[in-house]
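Examination of the molecular architecture
What follows is the residue order along each chain.
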Amino acid sequence: MPENSPANTDGLTWAANRGMGALAEKMGVVFTEFSIERCVATMPVEGNTQPVGLLHGGAYVVLGESLGSMAANLHAGPGRLAVGVDINATHTRSATSGLVTGVCTPIHLGSTITVHEIVVTDDQDRRCSTVRITNHIRRID
């Protein structure tokens, strides 16, 4: 089995070695838990707001896609790549300070398609956004 296989390392180490991408890093996303069954990350509100001081709706989506795509790639395993094909978000509350936390859980883990739900809450554990992402898994040639 390859050295970077998820079976040979824990999820957080795998995610750190892979990297989460420049946008997620720029927005301050930090993974705190990472497995095929559950991924968790935080992101600061400060620096990711609209002009009126609310967390930007696109920031919720960046957090959701960062979690869902990375989770799909962990599930895909070595020699395969998961790429997003659909994402949607419903915002139900506005965060204005502190951190938001995204919790990603799988809805479907297939051999070619994954679907994940990401629930984003504020510091008071109130749901602010629900993101759903579908990823297509393909072989890397």
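Shown above is the structure to which this text applies.
Cut-offs and rules
Residues numbered from 1 in each chain as written. Predicted model: local features only at pLDDT ≥ 70, side-chain atom pairs only at ≥ 80, totals over all residues. Heavy atoms only, no water. Helix = DSSP H or I, 4+ residues; strand = E, 2+ residues; numbered from the N terminus. Buried < 20%, exposed > 50% of the residue type's maximum accessible area, 1.4 Å probe, protein only. Areas by Shrake-Rupley, 256 points an atom, 1.4 Å probe, with all protein chains shown as cover. Lys, Arg positive; Asp, Glu negative; His and termini not counted. Charge placed at Lys NZ, Arg CZ, Asp CG, Glu CD. Contact = heavy atoms within 4.5 Å.

On to the overall build of the protein chain. In terms of helices and strands, the protein chain carries three helices and six strands. Secondary structure of the protein chain in N-to-C order comes out as α-α-β-β-α-β-β-β-β. Viewed in the frame of its principal axes, the protein chain has a C-alpha envelope of about 50 × 25 × 25 Å. Counting the 141 residues in the protein chain, one finds 40% classified as buried. A total of about 7,200 Å² of accessible surface is found on the protein chain, and carbon and sulfur atoms cover 51% of it. Between the mean site of the 10 positive side-chain charges and the mean site of the 13 negative ones, the protein chain shows a separation of 6 Å.

As a further point, take unusual backbone geometry. Here the phi dihedral of aspartate 125 falls at roughly 65°; this positive angle occurs in a residue that is not glycine. As for its placement among the helices and strands, aspartate 125 is situated in the loop between strand 5 (113–121) and strand 6 (127–139).

Locating alanine 41 in the fold gives a position in strand 2 (residues 39–44). A residue is classified by how much of its surface remains accessible, and alanine 41, at 0% relative accessible area, is buried. Discounting residues that sit within four places of it in the chain, alanine 41 has contacts with Val29, Val30, Phe31, Thr32, Leu63, Leu67, Val100, Thr101 and Gly102.

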